[in-house]
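# Descriptive analysis of the structure
The primary structure of each chain is shown beneath.
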Amino acid sequence: MNRALNVVRLQLINRQTFVWIPLIILFGSLAISLLLYGIIQSSGARGVMISGGVQAPLWYFGVIGAQALTRTFPFSQAMSVTRRDFFVGTLLTAVLTAGLLSVVFVVGGLLEQATDGYGMNGWFFSIPWVWAAGPVAAGVAYFALAMFAFVVGFWAATIFKRFGGLTTAATLVGVGLVLVAAVWLVTATRSWALVGDAVVTLGAFGLAVCGILITLALAASSFTTLRRATP
């Protein structure tokens, strides 16, 4: 564990990547959303306003996952860090950062509920469906999404390090085709109503648990590939 914590310190040498940039993206998106809420209200429009900007840092987490491997892995090997310690320490760093964002997400949502959407009925953090099971479930859901995005980026980077750009591109295209095939299958069997019912039944927390399981599977696959990756 001490060696893994050393990897955490290594990853956090540049705190901009893991901490400050995600927070800047999150609060920058919040500021833009509040300005838009104000403009909409000044035009005389009324009603609930919901922004999807809270997801903005999650997309960047995929980039962080890729950079955590491509930028730091060669340096760690030069310092004789084992691949297992690098893997555990890097994921632990992601857990800490995703946890920080989740806390901000929950606190922001509670603030919105206390102020009735900043006095404008405008909602950024407190999205009703996500918060239906309460603030803890909402925080877990946001944490699961952040970790999923990070591990997807890390997983893709391990393939790149092990097999090169051509295989990475082919793999990502293959994943895209599988997703399209799944959409076609659901459409062809007219099962969208069943899918919708399943999503509603699971709720945000249930989907978060499913996402964590998928994330663990991708993480295990990443470690298997990392063991033979070239720094």
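As shown above, the structure is provided for reference.
Scope of this entry: the structure provided in the associated data block. (Residues numbered from 1 in each chain as written. Predicted model: local features only at pLDDT ≥ 70, side-chain atom pairs only at ≥ 80, totals over all residues. Heavy atoms only, no water.)

Moving on: the side chain of S191. Note on placement: S191 falls in the loop between α8 (165-188) and α9 (192-226). S191 sits in the buried class, given a relative accessible area of 16%. (Helix = DSSP H or I, 4+ residues; strand = E, 2+ residues; numbered from the N terminus. Buried < 20%, exposed > 50% of the residue type's maximum accessible area, 1.4 Å probe, protein only.)

With that out of the way, let us pick up the environment of L5. Checked against the element boundaries, L5 lands in helix α1 (residues 2-11). With a relative accessible area of 32%, L5 lands in the partly exposed category. Between the C-alpha atom of L5 and that of F86, which follows or precedes it by 81 residues, the distance is 9.4 Å.

Applying the stated criterion to the full structure yields 9 aromatic pairs. Ring geometry for F73 and F86: centres 5.3 Å apart, planes at 55°, overall tilted. You can see F73 sitting in helix α4 (residues 73-78) and its partner F86 sitting in helix α5 (residues 83-114), a full 13 residues away along the chain. Neither F73 nor F86 differs from the other in exposure class; each is buried. (Phe/Tyr/Trp six-rings, centres within 6.5 Å; stacked < 30°, edge-to-face > 60°.)

On to α9, then. The terminal C-alpha atoms of α9 lie 38 Å apart, and with 35 residues this falls more than 12% below the ideal 51 Å at 1.5 Å per residue. At G203, α9 shows its strongest bend, of approximately 95°. Restricting attention to buried positions, one finds in α9 the residues G203, A204, G206, A208, G211, T215, L218, A219, S222, F223, T225 and L226. As for α9, its buried residues are in contact with α3 (56-70), α4, α5 and α7 (135-163). (Expected span 1.5 Å × (residues − 1). Bend = angle between axes of the 7 residues up to and from the residue. Contact = heavy atoms within 4.5 Å.)

Another point: unusual backbone geometry. Positive phi, normally seen in glycine, also occurs at D116, with a value near 55°. With respect to the element layout, D116 can be found in the loop between α5 and α6 (117-121). Positive phi values are uncommon outside glycine, yet N121 reaches one of about 60°. As for its placement among the helices and strands, N121 is situated in helix α6.

With that settled, the discussion passes to the nonpolar core. Counting 54 residues, the largest nonpolar core has L26, F61, F86, F105, F150 and L226 as the members making the most contacts within it. Looking at this core, the element that brings in the most residues is α7, giving 14 residues. Excluding residues that lie within four positions of it along the chain, F150 makes contacts with F18, F61, G62, I64, G65, A68, T90, L91 and A94. (Core = buried A, V, L, I, M, F, W, Y, C linked by side-chain atoms within 4.5 Å.)

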